Amino acid sequence: MTKDRRGFHYALDPVLKKTEWEMNDLFQDLAEHNAKVNQQQLKVDSLDQAIASARMDLMKQRQHAAIINIDAQRMAHNYMLQIQRQQKEESIQLREFVVTRDEAQLKLNEVRKFVDNLEKNKEVVGNEFDQEAAKKEYQLSDDNWLQRMHWRKST
């Protein structure tokens, strides 16, 4: 059951609304950062699989060939080195994306805590308003009762 809080005005309501908007923007930013991290993780995983596949192919080539073809070995090693360099660069990029995402998460957590505290404060102030309104109603009821009692005695 909701309470009738006509006349209640929370002084920090503009701050609360602005902070909620900021929190929504931060949620959007965090989603974008998560998408970047996931996409970059897929690139790194793909390169890891390419390296593993190249190693397996190189091992199979060594096992089946009685005579080692130096040019083929050199090309295979160059290919692996190229993929490993690319994987290292992509991993560095992934770490940067993760750091950025984690910073955005921390900022969002701080703003969320602030919003939670404002909402708790709003509820406390609202409860105080309700108590004050109830106190006024009781006082008015008592005054009416006393006036009726005085009126009955005088008639």
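Preceding this paragraph is the structure being described.
Residues numbered from 1 in each chain as written. Predicted model: local features only at pLDDT ≥ 70, side-chain atom pairs only at ≥ 80, totals over all residues. Heavy atoms only, no water.

Draft legend 1. Seen up close, the overall build of the protein. A count of helical and extended segments in the protein gives two helices and zero strands. Its C-alpha atoms give the protein a radius of gyration of 35 Å, more than 25% over the compact-globule value 15 Å for 155 residues. Taken along its principal axes, the extent of the C-alpha atoms in the protein is 130 × 25 × 15 Å. Across the 155 residues of the protein, 18% fall into the buried class. With an accessible surface of roughly 12400 Å², the protein has 54% of that area assigned to carbon and sulfur atoms. (Helix = DSSP H or I, 4+ residues; strand = E, 2+ residues; numbered from the N terminus. Rg over C-alpha atoms; globule rule 2.2 N^0.38 Å. Buried < 20%, exposed > 50% of the residue type's maximum accessible area, 1.4 Å probe, protein only. Areas by Shrake-Rupley, 256 points an atom, 1.4 Å probe, with all protein chains shown as cover.)

Draft legend 2. Quick peek at a nonpolar patch on the surface. A cluster of nonpolar side chains, Leu12, Val15 and Phe114, forms an exposed patch at the surface whose accessible area comes to about 230 Å². Examined against the element boundaries, Phe114 turns out to sit in helix H2 (residues 70-154). On the basis of relative accessibility, which here comes to 41%, the residue Phe114 falls in the partly exposed class. (Patch = residues over 30% accessible without salt bridge, like charges linked within 9 Å, V, L, I, M, F, W, Y side chains within 5 Å. Salt bridge = Lys/Arg side-chain N within 4 Å of Asp/Glu carboxyl O.)

Draft legend 3. Just the pattern of salt bridges, in detail. Here the structure, examined in full by the defined rule, presents four salt bridges. Between Lys122 and Asp13 there is a salt bridge, with the nearest N and O atoms lying 3.4 Å from each other. With Lys122 in helix H2 and Asp13 in helix H1 (residues 13-64), this pair connects stretches of sequence that are 109 residues apart. The exposure class of Lys122 is partly exposed, given its relative accessible area of 27%. Residue classification places Asp13 among the partly exposed residues on the basis of a relative accessible area of 23%. The salt bridge involving Asp102 is made with Arg101; its shortest N-O contact spans 3.4 Å. Of the residues examined, Arg101 reaches a relative accessible area of 22% and is grouped as partly exposed.

Draft legend 4. View of the packing of aromatic side chains. As enumerated under the stated definition, the model contains one aromatic pair in all. Geometrically, the ring pair formed by Phe8 and Phe129 is tilted, given 5.4 Å between the ring centres and 55° between the ring planes. Here Phe8 is found in the segment before H1, whereas its partner Phe129 is found in helix H2, with 121 residues between them in sequence. (Phe/Tyr/Trp six-rings, centres within 6.5 Å; stacked < 30°, edge-to-face > 60°.)

Draft legend 5. Structural view of the nonpolar core. Core analysis: the largest hydrophobic core is formed by eleven residues, namely Phe8, Tyr10, Leu16, Met23, Leu26, Leu30, Ala104, Leu108, Val111, Val115 and Leu118. For this core, the elements supplying multiple residues, two or more each, are H1 and H2. In this structure, Leu108 is in contact with Met23, Leu26, Phe27 and Leu30, ignoring residues within four places of it in sequence. (Core = buried A, V, L, I, M, F, W, Y, C linked by side-chain atoms within 4.5 Å. Contact = heavy atoms within 4.5 Å.)

Draft legend 6. Representation of the environment of Val37 within the structure. Considering the arrangement of structural elements, one finds Val37 in helix H1. Residues Val37 and Val99 lie 62 residues apart in sequence; the distance between their C-alpha atoms is 9.8 Å. The residues touching Val37, leaving out its near neighbours within four places in the chain, are Leu94, Phe97, Val98 and Arg101.

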